[in-house]
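# Working through the structure, step by step
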Amino acid sequence: MRAVVFEAPGRFVVADVPAPEPSAGHALVRVEASMVCATDRKILAGQFAGTRFPHIPGHEFAGTVLRLGPGTQGPPTGTRVGVEVHVGCGVCDRCREGLYTLCMNYGRTETGHAHVGFTIAGGLAELASVPVAALHPLPASVSTADGAWTDNLGVALWALERGRLRPGESVVVIGPGAIGLCAAQLARAGGAASVTIVGRGERLARAARFGDAVVDEADAGRLAGSADLVVEFAGTADAARLAISTARRGGRVVLGGATGQGVELSGVDLSTIVRGHLDILGSVANPMGVSGRALELLARGGIDVAGLTTHHFPLDRFAEAWATFIERRDGAIRVMLTP
Ligand SMILES: [Zn+2]
Ligand SMILES: [Zn+2]
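Note that the structure is a prediction, hence the values are computed from the model and not measured.

### Some points on the coordination of the zinc ion (ligand 2)
Listed as protein donors to the zinc ion (ligand 2) are Cys89 (SG), Cys92 (SG), Cys95 (SG) and Cys103 (SG); their distances from the metal cover 2.3 to 2.4 Å. Each of the 4 donor atoms bound to the zinc ion (ligand 2) contributes to angles spanning 102 to 117°, and the resulting shape is tetrahedral. The sequence pattern describing where the donors of the zinc ion (ligand 2) fall on their chain is C-x2-C-x2-C-x7-C. Within this pair, whereas cysteine 89 is found in the loop between strand S6 (86-87) and helix H2 (93-96), its partner cysteine 103 is found in the loop between H2 and strand S7 (114-115), the two being separated by 14 residues in sequence. Given a relative accessible area of 13%, cysteine 89 falls into the buried group.

In structure tokens:
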């Protein structure tokens, strides 16, 4: 089969590789839509300890089940499925709480843990062997291409659930990238009275139709103390500071941007948090089956992920797709590859 192969840190090819055989607990999936994101950049750079090279990346994808591994219960052949990326061991304390995204056996595949596209081969390939626990059958009205957003939608919805969004509230989303714009749309679907998106540049210009208002980050000071709920998906200390200052007294702040280690938060007046009576919450990934709920919301209509898929390429043109995404050519938000 054809696959993108990260051969070594900083080096990739599209190559012919042996097709995977699904083991017990896995399904063989024919990949029909697969995207890249900023995390793939970190994987390629060798910044994920759990990734071993050579590695087939890809963790935002959907396709059709071809067959199940021996003795495996799962969606039957022909089922269209979206993939979420975290599979826990199922028995550690965090898994038992439903927080399998925080599995204490991360990276130990012998325990059943898998992080699809990170610690095991992913979906930038014609075929992928995926743990059935990671599969979500796609509702009939959700296209397979839109199904590639399964994981992203779950991440965005989880942040809103962390922030206890209530109907009628004012929400500010900081960071007009793919997940921020999913969060903005899901906040509307969840009954937010107003959704304001903060960012800059071409991405912010594209964001207007996904919220009620857009504000350039240079002008965002005027939102200070205004929002019931602030959701941050920019991943910088500046964005976190802005998020905290944007919440009203007694409001909630969810920090969900993909912050790597070593980013410190300074310059926040603690009285803003304590006397402001703020809930400040970290949010990572998509536990507790939230991606399945997100797909049900997607099926109802009113959430546009196709509009966030700014570019399409065949898999063999991965190099061009990668450059388009990394350089944010034409305001690229997500590029989709079709094996
Ligand atoms: Zn991703
Ligand atoms: Zn676990």
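### Things to note about helix H9 (residues 290-299)
All of the buried residues in H9 are Val290, Ser291, Gly292, Ala294, Leu295 and Leu298. Structurally, H9 contributes buried residues whose contacts are with strand S9 (135-137), helix H3 (144-147) and helix H4 (150-162). Backbone geometry just downstream of H9 places glycine 301 in the positive-phi region, at approximately 90°.

### With respect to the pairing of strand S5 (residues 80-83)
As judged from the 3 bridges shared by strand S4 (residues 60-68) and S5, these two strands associate in the antiparallel manner. Each bridged residue has a counterpart across the sheet, and for alanine 62 the counterpart in S5 is glycine 82. Across 3 bridges, S5 lies against S9 in antiparallel orientation. Its bridge partner lying in S9, valine 81 is registered against proline 137.

### So, the domain arrangement of the protein chain
Taken as a whole, the protein chain is organised into domain 1 (2-148 + 304-338) and domain 2 (155-282). The interface is formed by 14 residues belonging to domain 1 together with 13 residues belonging to domain 2. Carbon and sulfur atoms make up 52% of the surface buried where domain 1 meets domain 2, a total of about 1,100 Å² over both sides. The salt bridge partner of arginine 209 is aspartate 304, with a shortest N-O separation of 2.9 Å. Where domain 1 packs against domain 2, one counts 5 residue pairs in polar contact (both at pLDDT 80 or more).

### Focus on the pattern of salt bridges
Taken as a whole, this structure holds 19 salt bridges when the rule is applied. Ionic pairing is found between aspartate 228 and arginine 248, a salt bridge with its closest N-O pair at 2.5 Å. Pair noted here: aspartate 228 is in strand S13 (residues 227-232) and arginine 248 is in strand S14 (residues 247-255), with a separation of 20 residues, a long-range link. Each of Arg2, Asp16 and Asp316 takes part in one network of salt bridges that share partners.

### Notes on the pairing of strand S3 (residues 26-35)
Along any regular strand, the residues point their side chains to alternate faces of the sheet. Summarising burial for S3: 8 of the 10 residues are buried, a large majority. Note that S3 and strand S8 (residues 127-131) share 5 bridges and pair antiparallel. Looking at the pairing, arginine 30 lines up with leucine 127 of S8. Pairing between S3 and S4: 8 bridges, direction antiparallel. In the sheet register, leucine 28 faces S4, and the bridge partner there is arginine 67. For S3 and strand S17 (residues 334-338), the ladder comprises 2 bridges, and the chain directions are antiparallel. Looking across to S17, one finds that methionine 35 is bridged to methionine 336.

### What about the sheet that holds S13?
Strand order in the open sheet formed by 6 strands is S12-S11-S10-S13-S14-S15, and the pairing between neighbours is parallel. Edge positions in the sheet fall to strand S12 (213-216) and strand S15 (279-282), since each has one partner strand and no second. Taking the axes of each pair of neighbouring strands and ignoring which way they run, one obtains an average angle of 20° across the sheet. Pairing of S13 with S14, which is carried by 5 bridges, proceeds in the parallel orientation.

### So, the nonpolar core
Core analysis: the biggest nonpolar cluster contains 45 residues, and Trp149, Leu153, Val171, Val195 and Ile197 have the highest contact counts within it. It is helix H5 (residues 178-189) that contributes the most residues to this core, 8 residues altogether. Composition of this core by domain shows at least three residues from each of domain 1 (2-148 + 304-338) and domain 2 (155-282). Not counting the four nearest positions on each side in its chain, leucine 153 is found in contact with Cys182, Leu186, Ala294, Leu298, Ile303 and Val305. The next biggest cluster of nonpolar side chains, apart from the first, holds 17 residues, and it includes Val65, Ile120, Val132 and Ala134.

### What about the packing of aromatic side chains?
What the rule picks out here adds up to 6 aromatic pairs. Ring centres 6.1 Å apart and planes at 70° place the aromatic pair phenylalanine 6 and tryptophan 322 in the edge-to-face group. Taken as a pair, phenylalanine 6 in strand S1 (residues 2-8) and tryptophan 322 in helix H10 (residues 318-326) lie far apart in primary sequence, 316 residues in all. Classification of tryptophan 322 as buried rests on a relative accessible area of 9%. Both rings, one in phenylalanine 12 and one in phenylalanine 318, keep their centres 5.1 Å apart while their planes meet at 85°; by these two values the pair is edge-to-face. Residue phenylalanine 12 is found in strand S2 (residues 11-16), and its partner phenylalanine 318 is found in helix H10; the two are separated by 306 residues along the sequence.

Procedures and definitions
Residues numbered from 1 in each chain as written. Chains lettered and ligands numbered in written order. Predicted model: local features only at pLDDT ≥ 70, side-chain atom pairs only at ≥ 80, totals over all residues. Heavy atoms only, no water. Donors = N, O, S within 2.8 Å, 3.2 Å for Na, K, Ca; no water. Tetrahedral: all angles 85-135°; square planar, octahedral: opposite > 155°, others 65-115°. Helix = DSSP H or I, 4+ residues; strand = E, 2+ residues; numbered from the N terminus. Buried < 20%, exposed > 50% of the residue type's maximum accessible area, 1.4 Å probe, protein only. Contact = heavy atoms within 4.5 Å. Pairing = 2+ DSSP bridges. Domains from an automatic or database assignment. Buried area = accessible area lost by both parts, 1.4 Å probe. Salt bridge = Lys/Arg side-chain N within 4 Å of Asp/Glu carboxyl O. Polar contact = N/O pair within 3.5 Å; in protein donor to acceptor, adjacent residues only side chain to side chain. Axes fitted to C-alpha atoms, helices over the stretch in contact; angles between N-to-C directions. Core = buried A, V, L, I, M, F, W, Y, C linked by side-chain atoms within 4.5 Å. Phe/Tyr/Trp six-rings, centres within 6.5 Å; stacked < 30°, edge-to-face > 60°.

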